[in-house]
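# Commentary on secondary and tertiary structure
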Amino acid sequence: MAFRLRDFLGRRRTPTAAAVGPFPVASALETERPSLTPAQVADLKAAWSELRQAVQEAGVISFHGCTRDGSRWQDNPESVRAMTRTIKGTQEYTADRPQDA
């Protein structure tokens, strides 16, 4: 039986096969998010406030972030603050450099 690329690409991966790779595949349905304490909710709200301010100052229209493990970065204050630092760092870098016309 001859091997055909079309046959290989047409195969569907099973959930077991998908989890064998170096990064486990987590679906949104499989991952339950733990409920946050009031202090964690307050910290998350503060982080989002910082991000909204940085986005507004930088004039960012949209952005996208993701994680390797399938968790939601939007629910993690450290991840939200990392996005804020990235936006501010990019803004500072481009402000110091001459812009191409």
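Data block above holds the structure.
Below is a short write-up of the structure. (Residues numbered from 1 in each chain as written. Predicted model: local features only at pLDDT ≥ 70, side-chain atom pairs only at ≥ 80, totals over all residues. Heavy atoms only, no water.)

### Re the overall build of the protein chain
Secondary structure summary: the protein chain contains 4 helices and 0 strands in total. Mapped from its N terminus to its C terminus, the protein chain presents α and β elements in the order α-α-α-α. A burial count over the protein chain gives 13% of its 101 residues as buried. Taking all contacts inside the protein chain whose residues are at least 6 apart in sequence as the whole, residues at least 24 apart take part in 66%. For the protein chain, the computed accessible surface area is about 8,900 Å², with 56% contributed by carbon and sulfur atoms. (Helix = DSSP H or I, 4+ residues; strand = E, 2+ residues; numbered from the N terminus. Buried < 20%, exposed > 50% of the residue type's maximum accessible area, 1.4 Å probe, protein only. Contact = heavy atoms within 4.5 Å. Areas by Shrake-Rupley, 256 points an atom, 1.4 Å probe, with all protein chains shown as cover.)

### Description of the nonpolar core
Listed in full, the 9 residues of the largest apolar core are Leu44, Ala47, Leu51, Ala54, Val55, Trp73, Val80, Met83 and Ile87. If you list the elements that add at least two residues to this core, you get α3 (38–58) and α4 (77–96). Residue contacts for Met83: discarding those within four places in its chain leaves Leu51, Phe63, His64, Gly65 and Trp73. (Core = buried A, V, L, I, M, F, W, Y, C linked by side-chain atoms within 4.5 Å.)

### Examining the pattern of salt bridges
Within this structure, the stated rule accounts for 3 salt bridges. A salt bridge links Arg81 to Asp43; its shortest N-O distance comes to 2.9 Å. With Arg81 in helix α4 and Asp43 in helix α3, this residue pair connects regions lying 38 residues apart in the sequence. For Asp43, a relative accessible area of 32% corresponds to the partly exposed category. The partner of Asp75 in a salt bridge is Arg72, and the shortest N-O contact between them spans 3.0 Å. A residue is classified by how much of its surface remains accessible, and Asp75, at 27% relative accessible area, is partly exposed. Overall, the relative accessible area of 42% leaves Arg72 in the partly exposed class. Residues participating in the shared-partner salt-bridge network are Asp43, Glu50 and Arg81. (Salt bridge = Lys/Arg side-chain N within 4 Å of Asp/Glu carboxyl O.)

### With respect to the environment of Thr86
Mapped onto the elements, Thr86 comes out in helix α4. On a C-alpha basis, the gap between Thr86 and Ala54 in space is 9.7 Å, while along the polypeptide they are 32 residues apart.

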